[in-house]
Amino acid sequence: MSSIIQLLPDHVANQIAAGEVVQRPASVVKELLENAVDAKATDIKLIIKDAGKSLIQVIDNGVGMSVTDSRLCFERHATSKIRQAEDLFSLHTKGFRGEALASIAAIAHVEMKTKQDQEELGTHIVIEGGKFMSQEPAVLPKGTSFAVKNLFFNIPARRNFLKSETVEQRHIVDEFQRVAMAHPSIHFTMYHNGSEMFNLPISNFRQRIVNIFSGKTNEKLVPVKEETDIVSLQGFVGKPEFAKKNRGEQFFFVNDRFIKSGYLHHAVMAAYEGLLKDGSQPSYFLYLTVPPHTIDINIHPTKTEIKFDDEHALYAILRSAIKHSLGQFNVAPVLDFDRDPNLDTPYQYQNKEAEYPTIQVDRSYNPFAEDKPSKSFSTPSYKKPEAQPNWESLYVGLKQAGQELAEMTFENDAVTSSLFEENEVEQEVKRTYQIHKKYIVSPIKSGMVIINQNRAHERVLYEGLLTSMTVHQASSQQLLFPLQLYFSAPEMDLLAELQSALENTGFVFEAMAADHVLISGLPVNVTESEISIVLEELLRDLQDGIPDSSFSQNDTIAKSMARSLAIKTGTYLTEKEQENLVHNLFACKEPDVSPFQKPTFITMSVEDLDKKFSV
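In what follows, the accompanying structure is described.

Rules used in this analysis
- Residues numbered from 1 in each chain as written.
- Predicted model: local features only at pLDDT ≥ 70, side-chain atom pairs only at ≥ 80, totals over all residues.
- Heavy atoms only, no water.
- Axes fitted to C-alpha atoms, helices over the stretch in contact; angles between N-to-C directions.
- Helix = DSSP H or I, 4+ residues; strand = E, 2+ residues; numbered from the N terminus.
- Parallel < 35°, antiparallel > 145°, perpendicular 65-115°, else oblique.
- Left-handed = near helix turned anticlockwise from the far one by under 90°.
- Contact = heavy atoms within 4.5 Å.
- 1 Å grid on protein atoms, 1.4 Å probe; cavity = no way out; pocket = protein on both sides within 12 Å on 5 of 7 lines; lining within 4 Å.
- Points joined across faces, edges and corners; volume = space filled by probe spheres on them.
- Nonpolar A, V, L, I, M, F, W, Y, C, P; charged D, E, K, R; others polar.
- Phe/Tyr/Trp six-rings, centres within 6.5 Å; stacked < 30°, edge-to-face > 60°.
- Buried < 20%, exposed > 50% of the residue type's maximum accessible area, 1.4 Å probe, protein only.
- Pairing = 2+ DSSP bridges.

With that settled, the discussion passes to the packing of helix H8 (residues 262-271) against helix H9 (residues 311-328). Relative orientation of the contacting elements H8 and H9 amounts to 30°, with a least axis distance of 8 Å. Comparing the axis directions of H8 and H9 gives the class roughly parallel. Viewed along their axes, H8 and H9 form a crossing whose handedness is right-handed. Along the contact surface, H8 presents Tyr263, Leu264, His266, Ala267, Val268, Ala270 and Ala271, while H9 presents Glu311, His312, Leu314, Tyr315, Leu318, Arg319, Ile322, Lys323 and Leu326.

This is how it looks when you write it as structure tokens:
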């Protein structure tokens, strides 16, 4: 039998490896930015066109590459980061696998320009689909410029699976923010389709976070700092009152590398135990520095997963450090039952020095003197009050007058007659009942109907919002003082696209800036306290992209707002509210299901009840 195993050609092997390393344009951005950081650059520019599908360019002022290195860097497993296997446990760089540039060159058109500081000329290389097209010397500034064009041009299946520009841009921004937050000592700039999105000057950790997530972030941050033999921890956590429903602002950095860890996230949540509402997620930006030999990064090509030698100790240190910071800065309540609040020093007297009390002495006082000074008191003259008339005398003569008035008849009196005696009037029967603050039971002719109050209200709100968005303009309630809400740059871009659709629901936007929005009017069924929750959940639901068709867009917005505003399970409803919800539900076009295609009610007949009691 002939042999059937053969060695794959290099260009095929590179395309297979590219499937692991380069999953979308954001993967290219991550690899190129990390290479620029490893090159000791102090100024890095990221230029994007069409969400990375047309162009991804990273320009740095790092050390650059020689002529030999510039050609060799595109070979598989060629790297300057490690020399032997033991180096994997003493890593001080971002990359070490030597696969990124080879994978990128295999599936795109790559143009690289690089020059070292001591050299007079640099090198200009053009590669298309893994094939070297040209290599020639060029006059260039110090550093390296990578331009990746037409990503996945030779793998159309992968290109077709890419999401919309909004989604791919959001992933690129996420990768850019992760690298920029880990290195505040580097000046980062990002441009998308010719417009500047981020300009982050050299700063400290706190200022870098504020520059990325808007100025309002500064008041939300609580510093965390802890030094141990196992880990050096510093960073910031968010105050509980600013917690959000989504997990957008949660970052772990280990040795200046962004990682994802469900175990460490659980430690943070344990520190916030009792301080957060159900479903809320705190913000945190935590930088951990551990000895390189105690971690293993070589788990996945994306290098976002890390194995620690002693995870349990890290868990305990992280949890206690965050708890300590929340208590130290009076974010968490202090429970000390033996403390007497009357003995607390007022805040304005804390730094005030103690003063000796002044004592006044009457030196002329002699207790043995014969003539004691007489003290004159002004004694008031007490007079016996005059006898007041008896209180019963005030009502003399009124009784007779009252009787006369009662006996008088007037022609203008309305005749109030009743067909039935008062004791014959049937009392109104209660039509609805609430069970466990979750279900509403209403009797019907054949038995009873059991309604899920949350899903029923979702259906009512959903159809009402759709009607106001498509048929007629919704009415809005004007605010006495405009409400100012802060969002990140990608969220503001999303809001700008949704502005016209939100205005149809009743929102009135007075102004939209780079990092905040000014709202002067709200829909009638939205309160001022709910507005931030509604918009946050709407942005979370649309983070995977806004539907192209206007109906799909309105449908998505109506579903999201209905879910945010619907009566939650556990809410007590009065009898009037129960009846109103039941009537509104059965006035809907599709009362059987919620907007998310879940049943809103079930019916139970008398026969079903009889079967339950049958032996």
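Per the counting criterion, the structure on display carries two cavities of 30 Å³ or more. In this structure, the largest cavity spans a volume of roughly 60 Å³. Forming the walls of the largest cavity are Phe213, Ser214, Lys216, Thr217, Lys220, Lys244, Glu249, Tyr486, Phe487, Ser488 and Glu491. In terms of residue class, the lining of the largest cavity is made up of three nonpolar, three polar and five charged. By volume, the second largest cavity amounts to about 50 Å³. Around the second largest cavity, the lining residues are Thr217, Lys220, Leu221, Gly238, Lys239, Phe242, Glu249, Ser283 and Phe285. Considered class by class, the residues forming the lining of the second largest cavity number three nonpolar, three polar and three charged.

Below, the discussion takes up the packing of aromatic side chains. For the structure on display, the rule yields 16 aromatic pairs. Between Phe251 and Phe258, the ring centres sit 6.0 Å apart and the planes meet at 65°, which makes this aromatic pair edge-to-face. Its relative accessible area of 5% is what places Phe251 among the buried residues. By relative accessible area, which is 13% here, Phe258 ends up buried. Seen in terms of ring centroids, Phe507 and Phe509 are 6.1 Å apart; in terms of plane orientation they differ by 20°. Their pairing is stacked. The burial state of Phe507 is the same as that of Phe509; both residues are buried.

This part covers the side chain of Gln177. In this structure, Gln177 sits in helix H6 (residues 165-182). Among the residues examined, Gln177 registers a relative accessible area of 4% and is labelled buried. Residues in contact with Gln177, not counting those within four places in the same chain, are Phe198, Ile212 and Phe213.

Moving on, we come to the sheet that holds strand S1 (residues 43-49). Note on sheets: strands pair through backbone hydrogen bonds, and any given pair is parallel or antiparallel. Strand order in the open sheet formed by eight strands is S5-S4-S3-S6-S2-S1-S7-S8, with mixed pairing between adjacent strands. Edge positions in the sheet fall to strand S5 (131-138) and strand S8 (195-200), since each of these pairs with one other strand and no more. Pairs of neighbouring strands in the sheet enclose a mean axial angle of 10°, with direction left out of account. Here six bridges tie S1 to strand S7 (residues 187-192), and the two strands are oriented parallel to one another. Note on S7: the bridge partner recorded for Lys45 is Thr189.

With that out of the way, let us pick up the pairing of S1. Here S1 shows a clear split, with Ile44, Leu46 and Ile48 buried on one side and none of Asp43, Lys45, Ile47 and Lys49 buried on the other. Across six bridges, the pairing between S1 and strand S2 (residues 55-60) is antiparallel. Its bridge partner lying in S2, Ile48 is registered against Ile56. Counted along the chain from S1 to the antiparallel partner S2, the turn is five residues long, and its residue Asp50 has a positive phi close to 55°.

Before going further, it helps to spend a moment on the packing of helix H11 (residues 453-470) against helix H15 (residues 575-586). Relative orientation of the contacting elements H11 and H15 amounts to 55°, with a least axis distance of 9 Å. Judged by the inter-axis angle, H11 sits oblique to H15. As for the relative orientation of H11 and H15, their crossing is left-handed in sense. On the side of H11, the interface is formed by Gln453, Ala456, His457, Arg459 and Val460, while H15 contributes Leu581, Asn584 and Leu585. A class-by-class count of the residues in the contact of H11 with H15 yields four nonpolar, three polar and one charged.

Keep in mind these values describe shape, not function.
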